[in-house]
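Observations on the model geometry
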Amino acid sequence: MIAALQIHPKDTVAVALRPLTRGEIPEPLCFPLQEGILPGHKIALRDIAAGEQIIKYGSPIGHAIKDISQGALVHTGNMASNLEGLLEYSYSPSYTEILPASEKAFFWGYLRPDGKTGIRNELWIVPTVGCVNAIAKQIQKEAEKLCPDAPDGIHAFSHPFGCSQLGDDLLNTQKALCGLIRHPNAGGVLVLGLGCENNTMESLKKTLGEYDPRRVKFLICQECEDEISSGAALMRDLCDYAKTFRRERRPASELTVGLKCGGSDGFSGITANPVVGGFSDLLLSEGGSAILTEVPEMFGAEQLLMNRCRERETFEKLCSLINGFKSYFMRYGEKIDENPSPGNKAGGITTLEDKSLGCIQKSGSAPVEDVLSYGEPVRARGLSLLEAPGNDLVASCALAASGAQLVLFTTGRGTPFASPVPTLKISSNSDLAARKNCWIDFDAGRMLSEGTEPSSLSRELLDLVLSVASGKEKAKSESLEKSEFAIFKNGITL
């Protein structure tokens, strides 16, 4: 087995695949190492002069801040990011058309009257304001006693917002909550308000638009004598409605899958993210849809995504998204390259460009069809890019709010969190998959540990997604608490 990997022929660094010692000549390199190097970390393939660009994935990931000798570790002590402020971008279309699959895949899902398909048939309680979180939990407990036959479970989603918010910040909260209310994984939804919050039921309904009164019920706590019993009674009605749905055979084209990474390491861009990218292309070949988010983790790789925009209008929306998110950082006096995290760096990722070039591989090779603002529902089949930060909970909840029935979450460090929709954890290395089997659903590290072909892993991942979507298997995160709904906040709190 090789001990170091040069990802792209243009690269000036290789990645250590196992612990390497000083003086060792790791296969297939032909020079001794200047120092010990941990797995996932970078090795200089030649002498690199101070100021010279450092190339990985065939693109710059930063520059040397001092001379680096061949065989030395390339990391935070001798290189830095190239990222700066707002940029002007050019549009040079370059993308791969995804050919239709020869044999169509399917899953067993719940077809809703609005034409969407859910992969779960749960009952959800969605608070309009954080003041009623405890009441929502109590209604959940009472409903579980009153509705022991609830199809796939009852969940109350907590959040701290909905009051003391103004303008676009309040609208973001409403859009995110409305995304939950509309979500096809819920067979019935109780929207629970207090009565005096900024996020009034009336204004929320305006943002929501048309809804099915059999599936969505509303309750304002200040307007009833006993909100717990009233809420539980409404949940009983919703349960009866949800039970009218049965799983039926649906084409994979009705799946929308969110793509997210967190706790990444130096292997994420070599194994897990490319495997998910291969999955995304397979799903799109079935006519399905994928959503990529984490805008700050596009910084440094954005031009590659821009060139994949099918239309100039989409390219211009992506330019606005990238520069708009940079402006968001700058308004608060923060550097736009304030990433990667300490855990990322410990795993071998040095700069944000290093992280971003690995991150965007989850999107595969398909053209970008649309760019969505935060809380917007998916409009186009194919690959969409979504406005949201890199934070794991906020970004995963944003994917759910935009219509993802399931999220694929790649990780090299591991994380137990759950989101409102099934969230499959995909490890970049086999050691993590073995140590945290209770968290990890799929081991993409087999690409290195066993030599499994990436295309084979992508196909295996598609089969797993179809099985989870059909209810034959559950994501391991589904056994954990999934009631925290994290909303992207950017505004004044009164």
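The structure reproduced in this document is the subject of the present report. (Residues numbered from 1 in each chain as written. Predicted model: local features only at pLDDT ≥ 70, side-chain atom pairs only at ≥ 80, totals over all residues. Heavy atoms only, no water.)

1. A few points about helix H5 (residues 272-285)
End to end, H5 covers 20 Å across 14 residues, agreeing with the expected 20 Å (1.5 Å per residue, within 8%). In terms of residue burial, H5 counts as a mostly covered element, since twelve of its 14 residues are buried. Restricting attention to buried positions, one finds in H5 the residues Ala272, Asn273, Val275, Val276, Gly277, Phe279, Ser280, Asp281, Leu282, Leu283, Leu284 and Ser285. Positive backbone phi, at 90°, marks glycine 287, one or two positions downstream of H5. (Helix = DSSP H or I, 4+ residues; strand = E, 2+ residues; numbered from the N terminus. Expected span 1.5 Å × (residues − 1). Buried < 20%, exposed > 50% of the residue type's maximum accessible area, 1.4 Å probe, protein only.)

2. Focus on the sheet that holds strand S5 (residues 59-64)
Strand order in the open sheet formed by three strands is S4-S5-S7, and the pairing between neighbours is antiparallel. On the outer flanks of this sheet lie strand S4 (53-56) and strand S7 (79-80), each paired with one strand and no other. The sheet contact formed by S5 and S7 spans two bridges and is antiparallel. Its bridge partner being in S7, alanine 64 is matched across the sheet by methionine 79. (Pairing = 2+ DSSP bridges.)

3. Remarks on the sheet that holds strand S8 (residues 106-111)
Spatially, S9-S8-S14 is the arrangement adopted by the three strands of the open sheet, whose pairing is antiparallel. Both edges of this open sheet fall to strand S9 (117-118) and strand S14 (248-251), since each of them pairs with a single strand only. Sheet topology places S8 next to S14; four bridges connect them, and they run antiparallel. Bridge pairing links glycine 109 to glutamate 248 in S14.

4. As for the packing of helix H1 (residues 133-146) against helix H4 (residues 227-242)
Contact pair H1 / H4: the axes reach a minimum separation of 8 Å and the direction vectors enclose 50°. By the angle between their axes, H1 is oblique relative to H4. Along this stretch, H1 crosses H4, giving a crossing that reads as right-handed. Contacts from Ile135, Gln138, Ile139, Glu142, Ala143 and Leu146 in H1 reach Glu227, Ile228, Gly231, Ala232, Ala233, Met235 and Arg236 in H4. (Axes fitted to C-alpha atoms, helices over the stretch in contact; angles between N-to-C directions. Parallel < 35°, antiparallel > 145°, perpendicular 65-115°, else oblique. Left-handed = near helix turned anticlockwise from the far one by under 90°. Contact = heavy atoms within 4.5 Å.)

5. Some points on the packing of aromatic side chains
The relative placement of two aromatic rings is captured by the distance of their centres and the angle of their planes. Applying the stated criterion to the full structure yields 14 aromatic pairs. Centroid distance tyrosine 374 to phenylalanine 488: 5.7 Å. Interplanar angle 75°. Geometry classified as edge-to-face. Note that tyrosine 374 is positioned in the loop between strand S17 (368-372) and strand S18 (382-386) and phenylalanine 488 in the segment after helix H13 (454-469), a separation of 114 residues in sequence. Take phenylalanine 488: its relative accessible area is 8%, and that puts it in the buried class. In this structure, arginine 249 is placed above the aromatic ring of phenylalanine 106, and the distance from its NZ or CZ to the ring centre is 3.5 Å. (Phe/Tyr/Trp six-rings, centres within 6.5 Å; stacked < 30°, edge-to-face > 60°. Lys NZ or Arg CZ within 6 Å of the ring centre and 35° of its normal.)

6. Observations concerning the packing of H5 against H13
At their nearest, the axes of H5 and H13 sit 8 Å apart, and the two run at 60° to each other. For the element pair H5 and H13, the recorded crossing hand is right-handed. Every residue of H13 that contacts H5 at Pro274, Val275, Val276, Gly278, Phe279 and Leu282 is listed here: Pro454, Leu457, Ser458, Arg459, Leu461, Leu462 and Val465. Partitioning the contact of H5 with H13 into residue classes produces ten nonpolar, two polar and one charged. (Nonpolar A, V, L, I, M, F, W, Y, C, P; charged D, E, K, R; others polar.)

7. Description of unusual backbone geometry
Along the chain, glutamate 27 connects to proline 28 via a cis peptide bond; the corresponding omega equals 10°. Looking at the element boundaries, proline 28 is found in the loop between strand S2 (13-16) and strand S3 (42-44). Its identity as a non-glycine residue notwithstanding, serine 164 has a phi of 60°, on the positive side. Along the polypeptide, serine 164 turns up in the loop between strand S11 (154-156) and helix H2 (167-182). Phi is positive for glutamate 294, close to 70°, though the residue is something other than glycine. Note that glutamate 294 resides in the loop between strand S16 (289-292) and helix H6 (302-307).

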